[in-house]
Every structure is written in C-alpha cells, then in structure tokens.
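Take a look at the letters that make up each chain.
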Amino acid sequence: MDNRYDKNTEVLKEIVEELKAMDGQAGFYYKSLVTGETAEFRADEQFLPASIVKLPLMAAILLLRSQGKTNFRDLVTMKEEEKIPGCGAIQHITGDVTLDVETMSKLMITISDSAATNALLRYYTTPVIRECFLQLGMEGTQFNRCYWDAEKEAKGINNYFVPREIGQLLEQMHYRTLVDEESSVWLETIMRQQQINHKMGGQLPMDFPMAHKTGDEEDKAHDVGIVYAERPFIVCYAYVGPDMRSYEDFIRRTTRKLVLANGTIEGAMAVKE
C-alpha cells in the first residue's frame, strides 16, 4: 500500500486528538473520495451554523426546481426595509432589488450574501424548505429563521447544521446524485467560485481547487467542502466557542496537512480541471 495512506491516517488521528483538547463545541467530519476512509469528532451534533446553512438551502432550491415547483428565472424581490448588514452586495444597492432565483442563489453561495439568503427563504417559506431538507436526508440541519431576526432568536428559534449531514450532501454532489446530475454539476461549479477562502484555503495556493462554503461569526468558525487534492476528500469543520480565531488557524493548518497526506500540492494543481 502507498505509505501516503498511512500518513493520512496519522494526520487524521492527530486532528481528532487536537479537537479533544479544545474549549467550546468543536466538530469535524472527513471522508476520502478515493479510499472511503473516514474520521470524525462530534459529527452528529447540531451546530449554530452562521452561513453554512446557505448550502443546504441551495440544495433545497435545486430539489424544488427538479420537481417543477420553481424556476431559475423566477423573480425575487428584496425590499429596502428588509436589507440587513453582513456579507454580500445587495445591501449596498439603492432601493428595492429584484433579481432572478439563479442570481440570488449565486450571490448567496459565492459571496455569502445574507440579504439574498433572506429573500430566498421568504420566497420559498420556512415550512417548504424544512420539508425539502427532510427529503434530502437532513433532519438535524435546519433553517428555522431569517438572519438578523432578533425576535425569533430571543425565543430560542435558531438555525443548525450537522457536520455528517453536510458531508453526505457533498458526497452526493460529488457522485452526481444530489437531486440529479444537472443540479449536482451546477452546485459544484458555483461552490468552486467561492470568494471567501481564508480558512481551508488559507495555507494553500490562491487558486487551489475546492468546492466549499464558509460560516463566520464572532464565536463561530466553519468551513465545509470538497478539497481536490490528488486524492480528493470531503471535510467539514465546525466550531462554536470562545476561541474561534485559534480554530480558524486549526482549519488552515490541518487542511494543508490533509492535502499533503493525500498527494502533493503541486500534483493537485497539475490535475486541476
């Protein structure tokens, strides 16, 4: 057996041991798309998601499209008074903003536009999205309220993601079984255009191939995706707690280690599509 497989197993063991020593709620899910090797830590727990839940929302929209219940050309409006701060561009556009579903979706994934996300959630409604999540095999991952909804948050109504469930969604996307082949290809293409790359990509070349989605708040540091090393792998990082900056550094360090254990950085870049 290639001794690099042994090196990967060693790196995974080191990652789990480091996670055990962390303050706060730290989670991790890994699966090789070549060998099937897995590693995990608290992968079945619910984590407050920041922006991670935008990824399953996108999968839900793709499911609705496949069922003939929506179209990428449908128009969605974000009213001036509904705009919120945070990531994204829509908040900076004067007046009401009307865009089609596909454009809103691209903004939601590539620059994590929270205003676009809220517009899409209101358009499809929480109950419909909840049913889609269940159809997609996600029970613990939930989108229960819009971003910046202080009233619902005060009542304890929150959003959640489960690392293993997101990992399984990514695996389905990779094997073109997330909804259907067209939907899987569309989502992977958009995720490869992610512009927030300071965590998993932080110690890799700027254009290193990944299809991923981040989540950031003052006490949350998440990143989930497929890393296209020579032997590609799925990895889901999750953290909620007092030391998010240290966890961000952990994501950067360990992603690089996993890439090197699954080949070489140069080799991965050479086979980039």
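Below, the structure is looked at part by part. (Residues numbered from 1 in each chain as written. Predicted model: local features only at pLDDT ≥ 70, side-chain atom pairs only at ≥ 80, totals over all residues. Heavy atoms only, no water.)

## Observations regarding the side chain of Asp-113
Cut-off, in case you're wondering: The way it works is that DSSP assigns letters per residue, a run of H or I at least four long becomes a helix, a run of E at least two long becomes a strand, and they are numbered from the N terminus. For every residue, the accessible area obtained with a 1.4 Å probe (protein chains only) is divided by the maximum for its type, and the residue is called buried under 20%, exposed over 50%, and partly exposed between those limits. Counted charges follow a simple rule, with Lys and Arg positive, Asp and Glu negative, and His plus the chain ends left uncounted. A pairing counts as a salt bridge when a side-chain nitrogen of Lys or Arg comes within 4 Å of a carboxyl oxygen of Asp or Glu. In protein, a polar contact requires one atom able to donate a hydrogen and another able to accept it; more generally it is a pair of N or O atoms within 3.5 Å, and residues adjacent in sequence count only if both atoms are side-chain atoms. Contacts were defined at the residue level, with two residues in contact if any of their heavy atoms lie within 4.5 Å.
Checked against the element boundaries, Asp-113 lands in the loop between helix 3 (101–110) and helix 4 (114–124). The charged side chain of Asp-113 is buried without a salt bridge, its nearest counter-charge being Lys-54 at 6.9 Å. One polar contact links the side chain of Asp-113 to the main-chain amide nitrogen of Ala-115, over a distance of 3.1 Å. Excluding residues within four positions of it along the chain, Asp-113 makes contact with Lys-54, Cys-87, Gly-88, Ala-89, Ile-90, Leu-107 and Met-108.

## As for the side chain of Glu-188
For Glu-188, the position within the fold is in helix 8 (residues 181–191). With near-sequence residues (within four places) excluded, Glu-188 lies in contact with Met-173, Arg-176, Ala-211 and Tyr-228.

## What about the packing of helix 2 (residues 54–66) against helix 4?
What counts is decided by this rule: The convention used is that axes are lines fitted to C-alpha atoms, helices contributing only their stretch in contact, and that angles between N-to-C directions extend from 0 to 180 degrees. Working rule for angles: under 35 degrees goes down as roughly parallel, over 145 as roughly antiparallel, 65 to 115 as roughly perpendicular, anything else as oblique. Throughout, a crossing is termed right-handed when the near helix is turned clockwise from the far one, and left-handed when it is turned anticlockwise from it by less than a right angle. For this classification, the nonpolar set comprises Ala, Val, Leu, Ile, Met, Phe, Trp, Tyr, Cys and Pro, the charged set comprises Asp, Glu, Lys and Arg, and every other residue, Gly included, is treated as polar.
At a closest axis distance of 11 Å, the pairing of helix 2 and helix 4 adopts a crossing angle of 40 degrees. Put simply, helix 2 runs oblique to helix 4. Here helix 2 and helix 4 pass one another in a crossing that is left-handed. Here Lys-54, Leu-57, Ile-61 and Leu-64 of helix 2 come into contact with helix 4, specifically with Ser-114, Thr-117, Leu-120 and Tyr-124. Considered class by class, the residues forming the contact of helix 2 with helix 4 number 5 nonpolar, 2 polar and 1 charged.

## Re the packing of helix 3 against helix 4
Direction vectors running N to C along helix 3 and helix 4 enclose 135 degrees, while the axes themselves pass 8 Å from each other. Compared by their axis directions, helix 3 and helix 4 come out oblique. Every pair of crossing elements has a handedness; the one defined by helix 3 and helix 4 is left-handed. Contacts from Val-101, Met-104, Ser-105, Leu-107 and Met-108 in helix 3 reach Ala-116, Thr-117, Ala-119, Leu-120, Tyr-123 and Tyr-124 in helix 4. Taken together, the residues of the contact of helix 3 with helix 4 sort by class into 9 nonpolar, 2 polar and no charged.

## Let's talk about the nonpolar core
For clarity, the threshold we go by: Put simply, buried Ala, Val, Leu, Ile, Met, Phe, Trp, Tyr and Cys residues joined by side-chain atoms within 4.5 Å make one nonpolar core.
Residues Met-58, Ile-129, Leu-170 and Leu-187 are the most contacted members of the largest nonpolar core, which totals 58 residues. Excluding residues within four positions of it along the chain, Leu-170 makes contact with Leu-55, Met-191, Val-224, Gly-225, Ile-226, Ile-234 and Cys-236. Listed in part, the 29 residues of the second largest apolar core include Ala-26, Phe-28, Ala-39 and Met-244.

## Comments concerning the state of the cysteines
The line we're drawing: Defined by distance alone, a disulfide is two cysteine sulfur atoms within 2.5 Å.
Under the defined criterion, the tally for this structure stands at 0 disulfides. Not part of a disulfide, Cys-87 finds its nearest cysteine sulfur in Cys-146, a span of 16 Å. Note on Cys-146: relative accessible area 12%, which makes it buried.

## Remarks on the sheet that holds strand 1 (residues 25–32)
To keep things clear, this is the line we draw: By this definition, two strands are paired if DSSP reports at least two bridges between them.
Strand order in the open sheet formed by 5 strands is 2-1-7-6-5, and the pairing between neighbours is antiparallel. Looking at strand neighbours, the two that pair on one side only are strand 2 (38–41) and strand 5 (210–217), the edges of this open sheet. Averaged over all pairs of adjacent strands, the angle between their axes in this sheet comes to 5 degrees, without regard to strand direction. Where strand 1 lies against strand 7 (residues 233–240), 8 bridges are found, and the strand directions are antiparallel. Residue Tyr-29 lies in a different strand from strand 7, and its bridge partner there is Cys-236.

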